[in-house]
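# Descriptive structure summary
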Amino acid sequence: MASFFYDQLHEQQADIAAAISQPLWQKAAAFAAHAHAGEVPPNEVPPSFAQATRVAVTLTAVYHCQEPPVLATALLHNVLEKTDVSLEEIESQFGRLIASRVERLSRAPDLDEGVHLKRLQACDWQTRLVKLADAAAHLDDDDEALEERIHKTMPVLDLAFGNEQPVLRAQRHLLTLIENARLAA
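Residues numbered from 1 in each chain as written. Predicted model: local features only at pLDDT ≥ 70, side-chain atom pairs only at ≥ 80, totals over all residues. Heavy atoms only, no water.

Bringing the overall build of the protein into the picture now. Scanning the protein from N- to C-terminus turns up 10 helices and zero strands. Taken against the 2.2 N^0.38 rule, which gives 16 Å for 185 residues, the C-alpha radius of gyration of the protein at 16 Å falls within 12% of a compact globule. Taken along its principal axes, the extent of the C-alpha atoms in the protein is 50 × 35 × 35 Å. Burial status across the protein gives 43% buried among its 185 residues. Carbon and sulfur atoms provide 55% of the accessible area of the protein, an area that totals close to 9900 Å². (Helix = DSSP H or I, 4+ residues; strand = E, 2+ residues; numbered from the N terminus. Rg over C-alpha atoms; globule rule 2.2 N^0.38 Å. Buried < 20%, exposed > 50% of the residue type's maximum accessible area, 1.4 Å probe, protein only. Areas by Shrake-Rupley, 256 points an atom, 1.4 Å probe, with all protein chains shown as cover.)

Tracing the chain through its elements places Arg128 in helix 8 (residues 125-139). Here Arg128 is buried and forms no salt bridge, its nearest opposite-charge partner Glu164 lying at an N-O distance of 4.7 Å. In terms of polar contacts, Arg128 uses its side chain to reach the backbone carbonyl oxygen of Cys123, at 3.2 Å. Contact partners of Arg128, with chain neighbours within four places excluded, come to Leu120, Gln121, Cys123, Leu159 and Phe161. (Lys, Arg positive; Asp, Glu negative; His and termini not counted. Salt bridge = Lys/Arg side-chain N within 4 Å of Asp/Glu carboxyl O. Polar contact = N/O pair within 3.5 Å; in protein donor to acceptor, adjacent residues only side chain to side chain. Contact = heavy atoms within 4.5 Å.)

For the rest of this paragraph, the subject is the packing of helix 3 (residues 47-62) against helix 8. Packing of helix 3 against helix 8 leaves a shortest axis separation of 9 Å and a crossing angle of 120 degrees. The angle between helix 3 and helix 8 falls in the class oblique. Regarding helix 3 and helix 8, the two cross each other, and that crossing is right-handed. Residues Gln51, Arg54, Val55, Thr58 and Leu59 of helix 3 form the contact with helix 8, whose own contacting residues are Leu129, Val130, Ala133, Asp134, Ala137 and His138. A breakdown of the residues in the contact of helix 3 with helix 8 according to their chemical character gives six nonpolar, three polar and two charged. (Axes fitted to C-alpha atoms, helices over the stretch in contact; angles between N-to-C directions. Parallel < 35°, antiparallel > 145°, perpendicular 65-115°, else oblique. Left-handed = near helix turned anticlockwise from the far one by under 90°. Nonpolar A, V, L, I, M, F, W, Y, C, P; charged D, E, K, R; others polar.)

Keep in mind that these numbers describe shape and distance, not what the molecule does.
Below is the structure:
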């Protein structure tokens, strides 16, 4: 049994190492870290950047998605909402595909979450996958009560459709996290 867990951990570490060695990961991580830097005093990790990094690591280590544009989208997914970076800046640095995905993942403060999720249902599976990983990261966030986090995560499961292996892994992962959270509540 220990060998199974060791093998699994080794595979996850290899996936993370492969992802963070990608030039696009490094560029997106540097851009996001700089954009979020104003959130906290110098030499501290901004919470929004830490959360975006958890999303990207979940994509690569748990969902086995190694697509550089998807990982870059994950690292940038909350930049429009949390910073003064514009969509045009993201597009000029990362291209239309990534900028479009980041824009779709960003929710205006006055937009209802249900409407936002309905719009995401029309997106490609890669964009939906980032939102699924984002939901998984938020389940682990202590800013809100556990029951509230579970309640907010349930509707996101509607984005886990299709036959793509990363999406199926995300669905299983989120269901397991929700079940574990319910047991802990």
